[in-house]
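# Coordinates in review
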Amino acid sequence: MKYFRELVGSLGFLLILCTIYFGLIHVGPAKFFTAPNAQKLFYLHVPSGLITYLAFMMVVGGSSFYLYNKSNYADSIAKCSAELGLVFGFMSLASGTFWMKAEWGGDVVSRFLTDMRLATTLAMWLLYVAYVVYRRQPETSNVKKNAAILGLSGMLMIPLSYFSSRFLRSHHPVIVGTEDQGSLAPSLRLGLYMGLLGFLLLYYFLFNLRFRLERLEKNYFQKRMENT
Amino acid sequence: MKYLLAFSSIIMLLLPVSADSYCHQDECFTDKAELFVSNDQIVHIYYNSLFEIGENWFIVIWLENGTNNDIDLQFDFGGDISKTIEIKNGSSNYTDSLSFSGSTFSSEKFDTELNVSFNGNKSMILEIDVNKKPAEDMFYLWGGMSVFWFAIGTYVLYISNKLRVLSKRIEEKNE
């Protein structure tokens with residue numbers, strides 16, 4: 001299908017708009033929250049966080065494949081996905097900061113230093129900032145190998161961030177995979193899943209776009225090397 | 001010492017409700033109205049023309065001269081929302097106040113009429129605006145929501161810029 005990618009992107013965008021409409025207008029202010037209006041960030045904050053994990057897991061997968069069989073394809077997947085992980089991670093961290101400030105109050109910096117969920121997620125994000133920055137140099141096999149090793153450290157950081165609110169000191173609520181997920185109000189669940197699907201489709205669209213660009217760039221530089 | 005402390009606490013608690021403490025100066029309220037009860041008896045009514053939902057709204061009255069009759073001043077928003085101040089016979093230079101709770105209204109309404117009645121006769125209408133302040137956490141909501149569009153927009157710009165540079169290079173190479 002010729003315009004499949006564009007169709008997926010548009011659908012994702014539309015779903016996100018629907019989620020925003022649903023969260024902001026259809027559902028009234030949330031009950032039992034200190035900041036009932038800021039709670040509406042939930043519908044995009046949680047999906048962006050989950051997509052961040054997905055993106056960084058793709059980096060881990062791509063990096064492992066590269067180290068295993070030196071596949072440039074896998075290396076490109078890791079590189080493109082790391083960038084998208086930063087984008088979605090930024091969304092999740094920044095929106096979470098706004099929500100946290102409204103709901104919990106207090107000093108943002110000390111929250112990030114003392115709440116393990118926030119601290120480990122920020123550390124994971126910064127790790128992949130380092131990964132992306134490292135990849136901005138000419139791509140020799142040595143650079144790719146070192147980047148893959150750096151990318152693999154997500155194997156530790158992703159579960160650490162994800163499970164930190166379950167096992168370490170944290171105020172961050174835990175919903176996914178717990179009893180609370182089942183007891184979520186149907187309206188909350190609908191908004192959450194709609195946002196999640198929207199972001200998933202958007203991730204697919206952006207990843208596809210970035211991956212195509214990466215291949216084009218690689219072909220161009222390869223041909224230029226051959227000519228010289 | 002214990003009794004002295006208890007006594008002082010009671011005095012401190014009573015002080016704010018003492019009649020003399022009602023502010024009936026112009027600077028305390030945004031608006032003022034005068035109700036002529038008789039030729040030499042004027043009741044000054046101090047109020048704010050803006051009713052903020054969620055905050056108590058006060059009216060202070062000041063009877064400038066003494067009165068030889070009982071005076072009932074009724075403040076009525078309509079729909080059973082009314083309150084009365086009773087001024088007893090013989091009162092002189094009398095000050096009193098009443099308040100409407102911040103939950104009296106739930107939505108914005110301009111030019112809301114407050115009927116003031118004197119001993120059961122409608123005497124004057126005060127017009128006020130009922131205002132609803134935006135919730136404090138709305139700032140955080142819009143801040144948080146902008147983050148998503150900022151991030152997606154910036155990344156799309158980054159990709160398109162990268163693609164433009166690459167296309168230009170390919171074109172130059174082909175030429």
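Located above this text is the structure these notes cover.
The notes below deal with the structure included here. If you're wondering where the values come from, they're calculated on a predicted model, not measured in any experiment.

Quick notes on the rules
- Residues numbered from 1 in each chain as written.
- Chains lettered and ligands numbered in written order.
- Predicted model: local features only at pLDDT ≥ 70, side-chain atom pairs only at ≥ 80, totals over all residues.
- Helix = DSSP H or I, 4+ residues; strand = E, 2+ residues; numbered from the N terminus.
- Buried ≥ 20, exposed ≤ 12 C-beta atoms within 10 Å, placed from the backbone.
- Contact = placed C-beta atoms within 7 Å.
- Pairing = 2+ DSSP bridges.
- Axes fitted to C-alpha atoms, helices over the stretch in contact; angles between N-to-C directions.
- Expected span 1.5 Å × (residues − 1).
- Arc of directions from axis to C-beta.
- Nonpolar A, V, L, I, M, F, W, Y, C, P; charged D, E, K, R; others polar.
- Core = buried A, V, L, I, M, F, W, Y, C linked by C-beta atoms within 7 Å.

### Details of the overall build of chain B
Counting its secondary structure elements, chain B contains 2 helices and 9 strands. In chain B, the order of α-helices and β-strands from amino to carboxyl end is α-β-β-β-β-β-β-β-β-β-α. The buried share of chain B, reckoned over its 175 residues, is 15%. Sequence separation of at least 24 residues holds for 49% of the intrachain contacts in chain B that already meet a minimum separation of 6.

### A closer look at the sheet that holds strand S1 (residues 31-38) of chain B
Residues and elements named next belong to chain B. With respect to topology, 4 strands assemble into an open sheet ordered S1-S2-S4-S7, the strand pairing being antiparallel. Two strands close off the open sheet at either side, each with one partner strand: S1 and strand S7 (94-100). Going from strand to strand, the sheet's axes swing by 20° on average, the running direction of each strand aside. Here S1 pairs with strand S2 (residues 41-47) via 7 bridges, running antiparallel. Bridge pairing in S2 places Ser38 opposite Gln41.

### Re helix H6 (residues 141-152) of chain A
All names here are of chain A. With 12 residues, H6 should cover 16 Å at 1.5 Å per step; its first-to-last C-alpha distance of 16 Å lies within 8% of that length. The set of residues buried in H6 consists of Lys144, Ala147, Ala148 and Gly151. The buried side chains of H6 occupy one side of the element, clustering within an arc of 105° when seen end-on. Exposed residues pointing more than 90 degrees away from the buried face of H6 are listed as Asn142 and Ile149.

### Structural notes on the interface of chain B and chain A
Opposite the 17 residues of chain B that make contact, chain A presents 22 residues. For the side of chain B that touches chain A, a count of residues per class yields 12 nonpolar, 2 polar and 3 charged.

### Overview of the nonpolar core
By size, the foremost hydrophobic cluster in this structure holds 56 residues, and its most contacted members are A:Ala38, A:Ala55, A:Phe56, A:Val59, A:Ala78, A:Tyr128 and A:Tyr203. Contributing elements (two or more residues each) for this core: helix H1 (4-26), helix H2 (42-69), helix H3 (72-103), helix H5 (116-134), H6 and helix H9 (186-227) of chain A together with helix H2 (138-174) of chain B. When residues in this core are grouped by element, the largest group, 16 residues, is from H3(A). If sequence neighbours within four positions are ignored, A:Ala78 has contacts with A:Met58, A:Val59, A:Gly62, A:Ser63, A:Tyr66, A:Ala148 and A:Gly151. B:Val43, B:Ile71, B:Ile87 and B:Phe105 belong to the second largest nonpolar core, which has 18 residues in total.

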